[in-house]
Amino acid sequence: MPTETTPKDPAAIRAGIERARQEIEQSVADLRQGVAETLDWRGMVRRHPAAALGGAIAVLLAEGMVAGREWIRSALQKTLAWVEENPGAALICAAGAGFIAGKLLLRRPRTLEDLVDD
């Protein structure tokens with residue numbers, strides 16, 4: 001009864017191990033290449049400059065909105081605390097700001113005759 005070749009032959013086992021080792025080395029090399037291409041942000045920016053610029057602007061806008069909210073919240077709290085401590089000064093400041101805003105926003109255009117009369 002002929003026996004089939006079994007991998008019990010030491011040379012066949014060594015050859016199988018060597019083939020498996022080479023396949024693993026190739027798989028690892030392919031994986032490294034894929035990871036390097038995926039993480040290459042400079043290459044991604046070169047290939048897609050408009051998308052990279054848009055992403056950068058979106059990130060900066062979001063960060064600016066968060067920072068702006070914090071700044072506004074802090075400034076408002078400090079202003080309200082100052083108003084509570086100095087109500088008279090706050091009233092004078094508000095009247096002055098209203099006067100200046102009225103002069104800037106609601107002034108009538110001056111004609112040449114108005115300037116001559118002054």
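Model, not experiment: these values are computed from the prediction. (Residues numbered from 1 in each chain as written. Predicted model: local features only at pLDDT ≥ 70, side-chain atom pairs only at ≥ 80, totals over all residues. Heavy atoms only, no water.)

Q: Would you mind showing me how to read the pattern of salt bridges here?
A: Evaluation of the coordinates by the stated rule reveals 3 salt bridges. One salt bridge connects R21 with E25, and the closest N-O pair in it is separated by 2.3 Å. In this pair, R21 and E25 both sit in helix 1 (residues 10–38), 4 residues apart, roughly one turn of the helix. R21 gets classed as partly exposed once you look at its relative accessible area, which sits at 37%. Assessed through its relative accessible area of 45%, E25 is described here as partly exposed. Within this structure, E18, R21 and E25 form a network of salt bridges that share partners. (Salt bridge = Lys/Arg side-chain N within 4 Å of Asp/Glu carboxyl O. Helix = DSSP H or I, 4+ residues; strand = E, 2+ residues; numbered from the N terminus. Buried < 20%, exposed > 50% of the residue type's maximum accessible area, 1.4 Å probe, protein only.)

Q: When you look at the confidence of the model for the protein in this model, what are you seeing that I'm missing?
A: Predicted coordinates in regions of low pLDDT should not be interpreted in detail. In the predicted model, the protein carries a mean pLDDT of 86, and 92% of its residues have values of at least 70. Looking at the elements of the protein, mean pLDDT is at its lowest for helix 5 (residues 112–117), recorded as 74, and at its highest for helix 3 (residues 49–85), recorded as 92. (pLDDT = per-residue confidence, 0-100.)

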